[in-house]
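Chain residues, written in single-letter form:
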Protein chains: 2
Amino acid sequence: MPSVLLARRATQLSPVMPTSSAHDKIAFDSGHAFPGLLPDLTAEADDALSRFRAETLQYAPRPGLPELREWIAGHMAEDGARVTAENVLVTNGAKHALELVCRLTIDEGDSVIVTTPTYFSAIPIIRSYGATFVEVPQDREGMDVDALAQVLDRAAAAGRLPKFIYNVPDFHNPTGVTMPVERRRALVELAVRHRVLLVEDSPYRKVRFEGRSVPSLKSLDPDGTAVIQLGTFSKLLAPGLRVGWAAGAPELLARMAQLKTDAGSCPLTQRVILEFCAAGRLDAHTARVQETYRAHRDRMVRALAQAMPEVSFQVPNGGYYLWLALPAGIDGDELARRAGDAGVIVIAGSKFFALGGNEQRGRFIRVAFSHAGLDDIDEGVRRLAAAAHSLGTGAAAGAAAS
Amino acid sequence: MPSVLLARRATQLSPVMPTSSAHDKIAFDSGHAFPGLLPDLTAEADDALSRFRAETLQYAPRPGLPELREWIAGHMAEDGARVTAENVLVTNGAKHALELVCRLTIDEGDSVIVTTPTYFSAIPIIRSYGATFVEVPQDREGMDVDALAQVLDRAAAAGRLPKFIYNVPDFHNPTGVTMPVERRRALVELAVRHRVLLVEDSPYRKVRFEGRSVPSLKSLDPDGTAVIQLGTFSKLLAPGLRVGWAAGAPELLARMAQLKTDAGSCPLTQRVILEFCAAGRLDAHTARVQETYRAHRDRMVRALAQAMPEVSFQVPNGGYYLWLALPAGIDGDELARRAGDAGVIVIAGSKFFALGGNEQRGRFIRVAFSHAGLDDIDEGVRRLAAAAHSLGTGAAAGAAAS
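Residues numbered from 1 in each chain as written. Chains lettered and ligands numbered in written order. Predicted model: local features only at pLDDT ≥ 70, side-chain atom pairs only at ≥ 80, totals over all residues.

**Some words on the pairing of strand β2 (residues 88-91) of chain A**
Residue and element names in this part refer to chain A.
At step 1: Across the two faces of β2 the burial is the same, with V88 and V90 and L89 and T91 all buried.
At step 2: Here β2 pairs with strand β9 (residues 244-247) via four bridges, running antiparallel. In the sheet register, V88 faces β9, and the bridge partner there is A247. (Buried ≥ 20, exposed ≤ 12 C-beta atoms within 10 Å, placed from the backbone. Helix = DSSP H or I, 4+ residues; strand = E, 2+ residues; numbered from the N terminus. Pairing = 2+ DSSP bridges.)

Following this line, the structure appears as structure tokens:
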């Protein structure tokens, strides 16, 4: 590529075109939906492309279809957030919403606060805008707000506050942890006190298997300007629809809308979702999603307990993932490679650490229970255990052979 | 918004949420399709959401659906470009492709070459990445390559070459000019000699009313690394589908793919388009588009000749727009405002100038003949003429009253 001078952000990327996973492997890596849960949207699409053709095949209004923004606002209001359609900007999925937040706030050299570990796809997006990361540890209740308070105090004293705090409070990706309400209150208070924007990424919020929802960070936002919530239909309905949103202060959303290059995002998929939701189909579908993924989680927890008793993990009450702590002597990167060779794809935990130096980086892998069916979950765990055994843990060997 | 520190790029934006045009006004401003041309895609969508459900509702491979990339490559190969699927990256419309080129190449303070005037939506995208503009004049054959050669020589001598040259060679937006092949050859040679990336934005290429296609810049690319062509289905099929592409060197596309935050873009709309094209429906549809917009153009040309003989313009052989040079004493911004009050929406020419100082800025307006029907074209031109008359040109007054 001698003829093109790349931007700094682009030189950090490996110029490899991503490919899909091989078909004969069991995919514990992806955030794909279980195929049996993909809804029948043919009637909605037929309606969208006939009755609503003049809407769905033209450009949408840049903030998104007004009716969909209203529906999303109502959906969030039922969940406790004080929002109207004016607080909702439709995007091409939640990652696009995160990118718009980066474009809104980050100048090269700014910093952003993330948890250790954090959502691995957020890392390159934030980094590509030239931000540096400040990591805050988390425990079984999520981001350590005492540690955060110290970080923010130091940053304030240095006059270099971070541009935003990025967090996944519900069924955290990858750890599965859900923050209790007291912790959430403390987090919002810190953000408000230091006037640092709080970005609540919550794609799995409705994918809850048991227990009651904890108030969202957005619902705890005192004046509506402290928190931007990123939402999506990907994890509940279908990733392929590419419809997400950002919910926040109208003045921020207006600027984010100006930065959108996908015009008003896709009006066809917006209308399909709207017809699905307006017909009241979402509640029944959500129940089915919860029931199915609960069964997937239970199956994977049982399979792991049997085949890999040496790994430890916290059982999440929702979401798509388990975060497996490996026994001493097994490296997550090495296990992910071996597992791939053995026919099951998992993600090395190291990919979820924004900074290089953390000693925990090699100690984990993330496994998704969403995409694979129940029998494949059993078989995938067997393959994973065999891969771990090949790396030398006696316990895994015994379990895998049983 | 006291709690959020904005990035420099975001502070330049007016925090106003864009809205749609009022319904009772005639829209000569938009690049919307004529509603009567929007195709019936219900059968394609039904197929996409039943037979292909496992593909269309999951994440797409990041570069786009392999079959669609192949179809696009074949379509471009028929048009003379030496490309395969490896040279095609599917994006969320052509503007998204332009944004990815910006992310790929621009560091703050870099420069980008554009024509005077240039596509008004490209300006804020390029600017938002911190680039400055270098304007190159154009004449009735497009970008002035002699002026470009001087600009590049000076930039090379200063060691500050621009990151890319942005151009719309077919039915230029807003001027409607199409570059002859000699001019194109000279442009590509200059880009190759100076090793500056050439970005060919060509959304209207197939919307040709008469005459033969001129070879695309991409088809003149000597080794496949000099030109990135941006394409889209928006102007031929439907803007709402939000499917475009970038065609260029695989190493560049691989990095652009890593920078995408919309995953593999929307597989549902990609499959709908693919089924439409694979069924051979595109050729007949293209013929209908050409015939319809030719009639729209002819109607607007005639209406303008009758009602506003004092404006001058070059009749384009394709595209969506006329670029009207106003008589002395009429300012384009003022006329656009008055026209809006009179019930016809046009875009002030000043919006198409990347730099502030150009003396031509106030001399033009852009009118689109795509969206409005034939009778509305007549009525819209009458309103426009009345608005011009109210600004005091006798000629317009006489014509508008006749």
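**Digging into the domain arrangement of chain A**
At step 1: Entries for chain A in the domain assignment read domain 1 (22-38 + 283-401) and domain 2 (42-278).
At step 2: Of all the elements in the fold, those that place two or more residues in the side of domain 1 of chain A that touches domain 2 of chain A are α11 (281-307) and β10 (321-325) of chain A. (Domains from an automatic or database assignment.)

**A few points about the nonpolar core**
Generally speaking, a soluble globular protein has its nonpolar side chains buried in company with each other.
At step 1: Ranked by internal contacts, the top residues of the largest apolar core, which has 266 residues, are L198(A), A246(A), L198(B) and A246(B).
At step 2: With near-sequence residues (within four places) excluded, L198(B) lies in contact with F164(B), I165(B), L187(B), V188(B), A191(B), L217(B), A226(B) and V227(B). (Core = buried A, V, L, I, M, F, W, Y, C linked by C-beta atoms within 7 Å. Contact = placed C-beta atoms within 7 Å.)

**A look at the relation of the copies chain B and chain A**
At step 1: At an RMSD of 0.0 Å, chain B and chain A line up after a rotation of 180° and a shift of 0.0 Å along the axis. These values place the two chain copies in the arrangement generated by a two-fold rotation axis.
At step 2: Taken as a fraction of all interface residues of chain B, those also at the interface in chain A reach 100%, which identifies the copy contact as same-surface. (Least-squares fit on C-alpha atoms with pLDDT ≥ 70 in both.)

**Observations concerning the packing of helix α4 (residues 66-78) of chain A against helix α10 (residues 267-278) of chain A**
Residues and elements named next belong to chain A.
At step 1: Orientation of α4 relative to α10, taken along the N-to-C sense of each, is 45°, at an axis distance of 10 Å. Viewed along their axes, α4 and α10 adopt a mutual orientation that is oblique. Once α4 is placed against α10, the crossing between them reads as left-handed. Residues E67, L68 and W71 of α4 pack against Q270, I273, L274, C277 and A278 of α10.
At step 2: Taken together, the residues of the contact of α4 with α10 break down into six nonpolar, one polar and one charged. (Axes fitted to C-alpha atoms, helices over the stretch in contact; angles between N-to-C directions. Parallel < 35°, antiparallel > 145°, perpendicular 65-115°, else oblique. Left-handed = near helix turned anticlockwise from the far one by under 90°. Nonpolar A, V, L, I, M, F, W, Y, C, P; charged D, E, K, R; others polar.)

**A look at the sheet that holds strand β3 (residues 111-116) of chain A**
Remark on secondary structure: sheet strands pair via backbone hydrogen bonds, oriented parallel or antiparallel.
All names here are of chain A.
At step 1: Strand order in the open sheet formed by eight strands is β2-β9-β8-β7-β6-β3-β4-β5, with mixed pairing between adjacent strands. For this open sheet the edge positions go to β2 and β5 (142-143), each flanked by a neighbour on one side alone.
At step 2: Looking at chain direction, strand β7 (residues 197-201) and strand β8 (residues 227-232) are connected through four bridges and run parallel. Within the sheet, the bridge partner assigned to L198 lies in β8 and is V227.
At step 3: Packing against the sheet, α4 makes contact with β2 and β9, and its axis sits at approximately 115° to β2.
At step 4: Together, β2, β8 and β9 form the strand contacts of helix α9 (residues 250-259), whose direction differs from that of β2 by roughly 25°.

**What to know about the environment of L230(B)**
At step 1: With respect to the helices and strands, the residue L230(B) is situated in strand β8 (residues 227-232).
At step 2: Once the C-alpha coordinates of L230(B) and L89(B) are considered, the two residues, 141 residues apart in sequence, prove to be 9.7 Å apart.

**Some thoughts on the pairing of β3(A)**
Regular strands place their side chains on alternate faces of the sheet.
Residue and element names in this part refer to chain A.
At step 1: Extensive coverage of β3 is indicated by the burial of five of its six residues.
At step 2: Relative to strand β6 (residues 164-167), β3 is paired through two bridges, and the arrangement is parallel. Each residue of the ladder has a partner; that of I113, found in β6, is I165.

**Re the sheet that holds strand β9 (residues 244-247) of chain B**
Residue and element names in this part refer to chain B.
At step 1: Read across the sheet, eight strands follow the order β2-β9-β8-β7-β6-β3-β4-β5 without closing on themselves; strand pairing throughout is mixed. Across the chains shown, the open sheet's two edge strands, defined by having one partner strand only, are β2 (88-91) and β5 (142-143).
At step 2: Helix-sheet contacts for helix α5 (residues 94-105) involve β2, β6 (164-167), β7 (197-201), β8 and β9, and the interaxial angle to β9 is about 40°.
At step 3: The sheet contacts of helix α7 (residues 145-157) involve β3 (111-116), β4 (132-139) and β5, and relative to β4 the element is tilted by about 155°.

**Considerations on the interface of chain B and chain A**
At step 1: At the junction of the two partners, chain B supplies 78 residues and chain A supplies 78 residues.
At step 2: Put simply, the parts of the chain that give the side of chain B that touches chain A at least two residues each are α1 (8-11), α2 (42-50), α3 (53-56), α5, α6 (122-128), α9 (250-259) and α10 (267-278) of chain B.
At step 3: The dominant element in the side of chain B that touches chain A, judged by the number of residues it contributes, is α9(B), at nine residues.
At step 4: Here the side of chain B that touches chain A is composed, by residue class, of 43 nonpolar, 19 polar and 16 charged.

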